[in-house]
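# A structural walkthrough
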Amino acid sequence: AQSVAQPEDQVNVAEGNPLTVKCTYSVSGNPYLFWYVQYPNRGLQFLLKYITGDNLVKGSYGFEAEFNKSQTSFHLKKPSALVSDSALYFCAVRDEITGTASKLTFGTGTRLQVTL
Amino acid sequence: EAGVTQFPSHSVIEKGQTVTLRCDPISGHDNLYWYRRVMGKEIKFLLHFVKESKQDESGMPNNRFLAERTGGTYSTLKVQPAELEDSGVYFCASSQAASSTQYFGPGTRLTVL
């Protein structure tokens, strides 16, 4: 069975400072990892994904995530936070597809609050 | 290109009533998924269509939930009869292939009183 843990319910950071939103995962095979963001009153928006290759993945809005196989982590990062980054962030995992199973397993979400 | 759309955006019903949620995937996406987020918890998978066929319905909570995708285009998710614990946000997502990125709609917030 696959699972995702987002250990922080909320992360607070001042604008201009770097931010990290943590995610660890568990899968039986090779992981496909995703970050989605939900802005207030909006749906889930795809940010970035890791399938294979370079461990550092770059995505939308200046976000990046680092895949660490030994620590089974996929933390989301941004060098300089903006107030507009304030939103709910979800990490998700999918096991390397065998057959046609392609469902995503999500974490509980981390609320990012960026203040001036 | 239009994204995934869902209707209605909000629905408030009483326990025992029926509600039908609709999802229109991105044009050309054969794969359609339903997920829900209950009481601020994690987003949980409900089921997966490939065209009009149910590929995986392992996440459907019970037989009060019925999903259809006649013609392989839009999908409906019916809850009958609704219970209090069904309250939450129901998300629909679509992807071109099963291995492709899933793109989500804005969700339908269901409140059962």
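See above for the structure.
Report on the accompanying structure. (Residues numbered from 1 in each chain as written. Chains lettered and ligands numbered in written order. Predicted model: local features only at pLDDT ≥ 70, side-chain atom pairs only at ≥ 80, totals over all residues. Heavy atoms only, no water.)

## Remarks on the overall build of chain A
Looking only at helices and strands, one finds 0 helices and 12 strands in chain A. Written out in order from the N terminus, the α and β elements of chain A read β-β-β-β-β-β-β-β-β-β-β-β. Relative to the compact-globule value of 13 Å for 116 residues, chain A shows a C-alpha radius of gyration of 14 Å, a close match. Within the span of chain A, comprising 116 residues, buried residues form 47% of the whole. In chain A, of all internal contacts separated by at least 6 residues, the share reaching a separation of at least 24 is 58%. Summed over all atoms, the accessible surface of chain A reaches about 5,500 Å², with 48% contributed by carbon and sulfur. Charge separation in chain A, taken as the distance between the mean sites of 10 positive and 9 negative side-chain charges, equals 5 Å. (Helix = DSSP H or I, 4+ residues; strand = E, 2+ residues; numbered from the N terminus. Rg over C-alpha atoms; globule rule 2.2 N^0.38 Å. Buried < 20%, exposed > 50% of the residue type's maximum accessible area, 1.4 Å probe, protein only. Contact = heavy atoms within 4.5 Å. Areas by Shrake-Rupley, 256 points an atom, 1.4 Å probe, with all protein chains shown as cover. Lys, Arg positive; Asp, Glu negative; His and termini not counted. Charge placed at Lys NZ, Arg CZ, Asp CG, Glu CD.)

## Structural notes on the sheet that holds strand β3 (residues 19–24) of chain B
Residues and elements named next belong to chain B. Spatially, β1-β3-β8-β7 is the arrangement adopted by the 4 strands of the open sheet, whose pairing is antiparallel. Both edges of this open sheet fall to β1 (5–7) and β7 (65–68), since each of them pairs with a single strand only. Going across the sheet, the axis of each strand differs from the next one's by a mean of 15°, ignoring polarity. Judged from the 5 bridges that link them, β3 and strand β8 (residues 75–79) form a sheet pairing that is antiparallel. Following the sheet pairing, L21 is matched in β8 by L77. (Pairing = 2+ DSSP bridges. Axes fitted to C-alpha atoms, helices over the stretch in contact; angles between N-to-C directions.)

## Considerations on the environment of Q96 of chain B
All names here are of chain B. Residue placement: Q96 occurs in the loop between β9 (88–95) and β10 (103–104). Taking the C-alpha atoms as reference, Q96 lies 27 Å from V79; in sequence the two are 17 residues apart. Setting aside anything within four residues of it in sequence, one finds Q96 in contact with G28, H29, D30 and N31.

Just distances and angles here, no functional claims.
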